[in-house]
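Listed here are the chains, written in short residue letters.
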Amino acid sequence: MSNQYDIIIIGAGLNGLVCANILAKKGRKVLVLEANKQVGGLANTREFASGFKVSAGAHLLYGLHPDIYRLCDVQESKIEFADKNISTLVINQNKEFINYSSGEDSQIIYSSSLSEQQNSDWSNFQNRMKTFSDILFDLANKTPPRLKNGSIQDYKTLFNTGLKLKRLDKQNLRQFLRIIGMNIYDLADESFTDNLQKAAICFESALGTRLGPRAPNTVYNWLNRYSIINRQPAGLSVPRGGIGSLSQAFANAALIKGVDISVSSRVEKILIADNQVKGVQLSGGEKFAARQVISNADIKKTMLSMVGPENIDTDVVRRVSYIPMQGTTAKMHLALNQLLEPITHNVSDFQSRIIYAPDADFIERASNSIKYNQYTHEPTFEITFPSVQDSSLAPAGKHVMSVLIPYVPYEHKEGWAQRKERFENHIIEQLEYIFPGIHAAIEHVETLTPADIERQFNITGGHWHHGEIGLERFMMLRPTAGFAQYKTPIDGLFLCGADCHPGGDLSGAPGMNAANTVLQSK
Amino acid sequence: MNNYDAIVIGAGHNGLVNACYLARADLKTLVLERNPYIGGASVTRELYPGFSYTNCSYVCSLFRPEIFRQLELSRHGLQVIPYDGGCTFTQDGNYLATYNDHEAQRREFARFSARDAEAYDDYATDVMRHCRFIKPWLLRTPPDPVSRKAKDIKGLWQLYKDLQVLTEAQIYDTLEFYTISCGDYLNRYFESDVIKGHISNSSIIGTGLGPYSPGSAYVLLHHYMGEVDGRIGSWGVARGGMGAIANALASSFKASQGEIKTDCSVENLIVKEGKAVGVALENGDEYYADTIVSNLDVKRTFLKVVDKQHLPQDFVTQVQQFKIRGSSGKLNIALDGMPTFPALPEGSTAIRGHVNIIDSMERLERGYDDWKNGTWSKDPFVDLLIPTQTDPTMVPPGKQMMSVFVQYAPPVLNTGEWTEEDKQAFGQTVIDAIAQYSPDFKDLILHAEIRTPQDIENEAGLTQGNIFHGELTLDQLLFNRPIPGYAQYRSPIPGFYMCGSSTHPGGGVMGAPGANAAREILADKRMTV
Ligand SMILES: Cc1cc2nc3c(=O)[nH]c(=O)nc-3n(C[C@H](O)[C@H](O)[C@H](O)COP(=O)(O)OP(=O)(O)OC[C@H]3O[C@@H](n4cnc5c(N)ncnc54)[C@H](O)[C@@H]3O)c2cc1C
Ligand SMILES: Cc1cc2nc3c(=O)[nH]c(=O)nc-3n(C[C@H](O)[C@H](O)[C@H](O)COP(=O)(O)OP(=O)(O)OC[C@H]3O[C@@H](n4cnc5c(N)ncnc54)[C@H](O)[C@@H]3O)c2cc1C
């Protein structure tokens, strides 16, 4: 391995890998340096108990931008899926439920008590929102335009967006301009009469952020996620072998194109002279040279630690350090010695993604405590049983349960060292209400608080989107003004992670847009 | 006899402003008011012998100086007296004082954090820039973004031009400012919890938001937009209470031959052949005019006064969906003398201004959690003002009147409608909270009027007690206010207009909705103000 490259990418998260593929395809000589032993970042599979494997970060695939496979020469058909079109089961404490499909034409599949009208409320809502989410979808693969001093490209993007808005019929344009600033709670309330339907929409909007459904700007979050979900022919899916297989596929495609990927290589410093990137230096001291460096690490790690405050204006340092990046979502992995009692008396329950969220107010209440650096005593959950779809993940007859817990603070008021065990016990106690008997079935538990996620995945704060997301932090405001075009104040240094437009989830879009920016820059 | 050129329903200050402009254009104008008194939420009432309560709104700062001048309110007796002072008490027995003077304020902040004192310069400059951006828009009709009419395209172009005079960084700051939470915004400048708590107190007034809710930062502007004697950011009290504003408007209106009838509750809009032609009162009387203007909030107007059959179904649905949750209550208290506040040094003028007792954003946010949960804040935000220090004419010699604005209080409790017991318990919560900072306060109380959002609705006619006639979130601002497509003061019924705070630019004793509506009405008649 020579130490001279055209481009160095720091981090082999999904976005870094996508970026590497696109650049290598255009003939660039690319090196990817990943701090961890495995590629994938939050998109990774690993063993958490002897014989039990789990997608350790993200556990469902629903948001890959449709252009990505083609741009990266990854054949979707070559990725083996353990399951596609996974439905979502939303339940409450009285074991009432609705089950709906995601992806194109989301529909209610079955429910405990929905009327016909309520069933069609669901489809009507999705149809109505599709018009609006399409506007966001069209923006997902664009570099956010500068609003002043922009290039021709910037004005083109602005103009085309304006045109698209103008093409909506009057009624829709008015509605779009109204709901985009709303909270999801009120929109759900306007659109549904059923509590579980409202809860489903609110839950999906809030996932990964600290905002409760009553917080303004959360409709944007829902639309942004939905804009990509409803373009997925496979709906919600999981690759065989967990999410890590997806990263592996993109890593392999990169290797074929001649990309060098080096794991266990933590970049400590970005080397700069006269405000121009020269290369990077690893924690072991080894140096690599390149005139362009793209960071898949978050903006705070990149600018405040690898570049260092001494190399940037104090104003910019301030701007970057104020981006809220404290993680909000905890993850729990359970090794079970048997499958649990189904909730709806239907074994296919465990094939679904299960959301425990009785109603929108419940979710809102759950969001309260994170504001004060505490976890809620009445949590909501997203739960999957990956081993049900993919038996390779657990020993025969045994199972893996993967649980997302929203609204868990990055720092606990009393310190996680004091609180983590109590937290773990509390969550298991809560799960026992939903799945009686779970306690007895547990062989092993792994709990990742946002602080653990920070440590294990090298993300400041351990945040799902590498930083809060909402209307106040979208497009040219993401990750913060001045960085929205994937560029930084340092010549030759770019960003490509989830903290960039259009944000987190396994979309690959930030990586794709960053690659295009780099290709266009001199 | 009963025929007029224009009829205004409601003698709130916006109805009166509107009526003044119509009368000045020589339209024979009638104002009909349900209550025996005028002013709506801008009113002074004697509810305890010898004491005048300014019992809804209590300070004047948003009122547009253009309107003040054009309607010659000085000549009609309105006097706004500026005052200095104000403070936030801290739980540890200290206080943070408010000064109108920038330098003095900076020195005060320095008592809590030297870094924050320095940041205050930047903060003040930035917030003032946002004020200047929004100010000209208060007296403009919102452009309709879907229209192809020249005036709307011109309006949108104006918005674009207003942005383009800013630097690129300032443009992004502006976009952020209107969408971000007060908490995130203040964190950029300040580190002291007390300073952030003190400032954030003005980010939640009248809203159904907490300081950590996105969209709460811009509410800070309400505090800085004030204009007394042309000095941006300072507040004043109207001599004689806020009712003095209504009285001066009424006097100005009468000078232009306008007519006001009180105790006239309008029950119905009379529509003939699709056009508004008159109104019918509860007592059966009818009045006719081809221009009818409603000062009531959009829900009262279209769900009570107008018969559904005259409106498009879609419009009615949108009116039903209009968000108007109330969040504020009020106590008006007659005091036997001036209460003492031991935290303040002898002779401090801080007590002359707004006194707050919430010293951190967290406490404020927890108060908001109570409201979401359907109960009043157990650790309430209070904005306490003793205007009789500045204007002693409102009370007998030696006595004082205290106006206490309270948040948060829900329009309906999680136990159901407010009962008399709930109301007393709410009042007691507030009185106890204040007494923590003033040991002799309770003993000085002669009488206290306690007003829940429900009372505010019942007496002043503000639906759900929402002080702004509708929440001020992005989905209900500018061209979205009150209903997308109906933001230019016209309703679906020809000849029927809106001029209350449900319309752009919203609530507060500002007069802008009334003046803007008058401009549109006269434009339809090919007349000008
Ligand atoms: C608990 C949790 C659950 C989630 N569940 C889902 C889900 O089910 N579905 C979904 O679509 N999304 C989910 N997400 C969101 C999604 O995982 C992320 O938004 C996305 O994976 C981010 O990808 P990325 O490539 O931008 O960053 P990352 O995956 O964070 O990759 C960044 C990479 O950079 C590396 N790195 C950092 N610093 C250095 C350094 N100094 N030197 C070298 N390398 C470095 C890191 O090790 C890491 O590999 C979840 C997120 C969390 C936290
Ligand atoms: C407790 C409280 C404190 C406030 N504090 C301040 C403050 O300090 N500073 C500030 O600037 N703003 C403050 N506000 C807000 C401000 O007072 C209002 O936003 C503003 O006064 C509303 O004016 P308006 O003319 O639009 O409507 P309103 O004042 O509500 O007028 C509507 C009028 O219509 C009448 N009406 C209703 N129904 C009928 C009917 N059927 N027929 C005839 N008439 C009818 C009503 O009686 C009322 O007079 C406060 C409000 C409240 C409630």
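Given the structure is predicted, the values throughout are model-derived calculations rather than measurements.

A closer look at the interface of chain B and chain A
Working step 1: Taken together, the contact pairs 46 residues of chain B with 40 residues of chain A.
Working step 2: Buried surface at the junction of chain B and chain A, summed over both partners, amounts to about 3800 Å²; 49% is from carbon and sulfur atoms.
Working step 3: Remark: the boundary between chain B and chain A carries 11 salt bridges.
Working step 4: With a shortest N-O distance of 2.4 Å, Arg174 of chain A and Asp144 of chain B are connected by a salt bridge.
Working step 5: Our count for the chain B to chain A interface comes out at 25 residue pairs in polar contact (both at pLDDT 80 or more).
Working step 6: Of all elements in the fold, only α4 (114–138), α6 (168–177), α7 (182–189), α12 (313–321) and α13 (361–372) of chain B reach the threshold of two or more residues within the side of chain B that touches chain A.
Working step 7: When residues in the side of chain B that touches chain A are grouped by element, the largest group, 7 residues, is from α13 of chain B.
Working step 8: Tallied by class, the residues present in the side of chain B that touches chain A amount to 16 nonpolar, 12 polar and 18 charged.

Describing the site of ligand 1
Residues and elements named next belong to chain A.
Working step 1: Lining the immediate environment of ligand 1, one finds 35 residues, of which Asn15, Glu34, Leu60, Asn458 and Trp464 sit closest.
Working step 2: In the model, a nitrogen atom of ligand 1 is placed 3.0 Å from a nitrogen or oxygen of the Val267 main chain.
Working step 3: Within the side chain of His466, a nitrogen or oxygen atom sits 2.9 Å from an oxygen atom of ligand 1.
Working step 4: Within the complex, 99% of the 1000 Å² of free accessible area of ligand 1 lies under protein.
Working step 5: At the level of elements, α1 (14–25) and α16 (450–457) are the ones that each hand at least two residues to the shell around ligand 1.
Working step 6: Considered class by class, the residues forming the shell around ligand 1 number 18 nonpolar, 13 polar and 4 charged.

Details of a positive patch on the surface
Working step 1: On the surface, Lys166 and Lys170 of chain A together with Arg148 and Lys149 of chain B cluster together to form a positively charged patch.
Working step 2: The exposure class assigned to Lys149 of chain B is exposed, which follows from its relative accessible area of 54%.

Considering the site of ligand 2
All names here are of chain B.
Working step 1: Looking at ligand 2, there are 35 residues lining it, with Glu33, Ile467, Ser501, Gly508 and Val509 nearest.
Working step 2: Between ligand 2 and Arg34 there is a distance of 3.2 Å, counted from a nitrogen atom to a backbone nitrogen or oxygen.
Working step 3: Between ligand 2 and Val509 there is a distance of 2.8 Å, counted from an oxygen atom to a backbone nitrogen or oxygen.
Working step 4: Contact with the protein chains covers 97% of the free accessible surface of ligand 2, which is 1000 Å².
Working step 5: Across the shell around ligand 2, the residue classes break down as 17 nonpolar, 15 polar and 3 charged.

Rules used in this analysis
- Residues numbered from 1 in each chain as written.
- Chains lettered and ligands numbered in written order.
- Predicted model: local features only at pLDDT ≥ 70, side-chain atom pairs only at ≥ 80, totals over all residues.
- Heavy atoms only, no water.
- Contact = heavy atoms within 4.5 Å.
- Buried area = accessible area lost by both parts, 1.4 Å probe.
- Salt bridge = Lys/Arg side-chain N within 4 Å of Asp/Glu carboxyl O.
- Polar contact = N/O pair within 3.5 Å; in protein donor to acceptor, adjacent residues only side chain to side chain.
- Helix = DSSP H or I, 4+ residues; strand = E, 2+ residues; numbered from the N terminus.
- Nonpolar A, V, L, I, M, F, W, Y, C, P; charged D, E, K, R; others polar.
- Near = heavy atom within 4 Å.
- Areas by Shrake-Rupley, 256 points an atom, 1.4 Å probe, with all protein chains shown as cover.
- Patch = residues over 30% accessible without salt bridge, like charges linked within 9 Å, V, L, I, M, F, W, Y side chains within 5 Å.
- Lys, Arg positive; Asp, Glu negative; His and termini not counted.
- Charge placed at Lys NZ, Arg CZ, Asp CG, Glu CD.
- Buried < 20%, exposed > 50% of the residue type's maximum accessible area, 1.4 Å probe, protein only.

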